[in-house]
Amino acid sequence: MTTGNIQNIHAEGTVDTTKREDVINFGEIIAYLVTEKWTILSIVVVALLIAAVRAYLATPIYQTDALLQIEAKNQSLPGFDSAAEVYAGFNYGQSVIETIKSRRVIGEAVDILHLTYDAVPRYFPYIGSILAHRYHEEGLAEPFLGLDEYAWGGEVLSLDRFNITGKLTDVNSVWRLIAGKNRNYILMNGEQEVLTGSVGKSVTADYQGSKVEIHVGELVAHPGVSFTISHSSRIATIDALKKRMLVSQSGEAFNESGMITVSMEGSDPQFIVNVVNAVTKAYVKSSREKQAIEAGKKLDFIDGQIPLLEAKQDEAALALQKFQRQEESIDISSEIENTLTQLQEMRNEITALQLKKEALQLNYTDEHPKMRALDLQIAASLKKRREL
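To keep things clear, this report deals only with the structure shown in the data block. (Residues numbered from 1 in each chain as written. Predicted model: local features only at pLDDT ≥ 70, side-chain atom pairs only at ≥ 80, totals over all residues. Heavy atoms only, no water.)

1. Some remarks on the overall build of the chain
Here comes step 1: Broken down by element type, the chain carries 11 helices and 11 strands.
Here comes step 2: Residue burial in the chain is summarised as follows: out of 388 residues, 27% are buried.
Here comes step 3: Pairs at least 24 apart in sequence give 65% of the contacts found in the chain among residues at least 6 apart.
Here comes step 4: Counting only carbon and sulfur atoms, one obtains 55% of the accessible surface of the chain, whose full area is about 26,000 Å². (Helix = DSSP H or I, 4+ residues; strand = E, 2+ residues; numbered from the N terminus. Buried < 20%, exposed > 50% of the residue type's maximum accessible area, 1.4 Å probe, protein only. Contact = heavy atoms within 4.5 Å. Areas by Shrake-Rupley, 256 points an atom, 1.4 Å probe, with all protein chains shown as cover.)

2. Some words on the layout of surface pockets
Here comes step 1: What the largest pocket holds in volume is close to 1,400 Å³.
Here comes step 2: Asp118, Ala119, Val120, Asp268 and Phe271 are, among the 41 residues lining the largest pocket, the residues nearest its centre.
Here comes step 3: Every element with two or more residues in the lining of the largest pocket is listed here: helix H3 (37-57), strand S2 (117-121), helix H6 (128-133), strand S3 (156-166), strand S9 (226-231), helix H7 (234-244) and helix H9 (269-326).
Here comes step 4: The biggest single contributor to the lining of the largest pocket is S2, with 5 residues. (1 Å grid on protein atoms, 1.4 Å probe; cavity = no way out; pocket = protein on both sides within 12 Å on 5 of 7 lines; lining within 4 Å. Points joined across faces, edges and corners; volume = space filled by probe spheres on them.)

3. Observations regarding the sheet that holds S9
Here comes step 1: Strand order in the open sheet formed by 5 strands is S2-S9-S4-S5-S6, with antiparallel pairing between adjacent strands. Two strands lie at the open edges of the sheet, namely S2 and strand S6 (192-198), each paired on one side alone. Averaged over all neighbouring strand pairs, the angle between strand axes comes to 25°, with direction disregarded.
Here comes step 2: As judged from the 5 bridges shared by S2 and S9, these two strands associate in the antiparallel manner. By the bridge assignment for S9, Pro121 is matched with Phe227. (Pairing = 2+ DSSP bridges. Axes fitted to C-alpha atoms, helices over the stretch in contact; angles between N-to-C directions.)

4. Describing a positive patch on the surface
Here comes step 1: On the surface, Arg347, Lys383, Arg385 and Arg386 cluster together to form a positively charged patch.
Here comes step 2: Sort the elements by how many residues they give to the positive patch and helix H11 (residues 369-387) lands first, with 3 residues.
Here comes step 3: Inspection of the secondary structure assignment puts Arg347 in helix H10 (residues 334-360).
Here comes step 4: Exposure remark for Arg347: the relative accessible area of 39% places this residue in the partly exposed category. (Patch = residues over 30% accessible without salt bridge, like charges linked within 9 Å, V, L, I, M, F, W, Y side chains within 5 Å. Salt bridge = Lys/Arg side-chain N within 4 Å of Asp/Glu carboxyl O. Lys, Arg positive; Asp, Glu negative; His and termini not counted. Charge placed at Lys NZ, Arg CZ, Asp CG, Glu CD.)

Put into structure tokens, the structure is as follows:
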């Protein structure tokens, strides 16, 4: 009996303990938070400090864009209205985008801006570039802790030319330029000295089956400070630039807006602005050259049609004379003959204007000012012919 009672009491105690564990005691939680308040506060302060340092050290990313207004070409030709349905799904805006991103257009921007090579100062790891980018005083920053082989702010290296021809032309390579005294410098590749030169003078040297040519326009740095020069092949540079550049249509439909957006992101605001401007200018130049070639072909076509029209006019005049000789009874007065001559001239003028309109319709829509002016000329000529 005694053993049974002890077991019952133990079982009941266990049940009561479990019930008490299921109850949340807010008083104990508050007491624990008060006891560990300094630990919690320390964790919050450390997290805020880490976030502040990360925000301070983070490299800002800039974005620039440019808008191009493109006039879509009229795909239909006079007399071929039924064939215009074939081009109904043609996306002229997409063709413009592909042209802007072509190697011809981007390659011209690469050549103008000399993007196949890039020179940056050698900074102290982790903090050197941050301190240098935040240095805005005149002159050069003093080396931190006597580390004068690194750049600390104010350094400038302007490369007017850095060409490599030969075996290393299409090879991505890294070079090192070390500033010396009296505006002199040394160009290194790895641990090998390639050449020595001075600011403002072109220097060439043969190296590993290639010819290296360099011209330094400006060099501002403490003696011993080095710059890293990265050289890439032209094709690799163009492909890398294509991946960074975003070209898109503005609006839901290109035919409605006629606008193309060219944008680019990067940590160097002046660099991305220069690239976007150079690409858009290269496209405009390429487009104008193409239009000039097409216009030349159209003018050649028109010039080729003029002799045919003159020949037809001469044939008509001969036919008229022959008819007059055969029909002796018909005596056309000078007034009627003058009217016929004017009608023939008007016919030739209208034909020439219509040929010119057909040529312009390849590049312009009917709403273009040139097309409207041409329509007015044709209408005036037709009215004058009717009056005659």
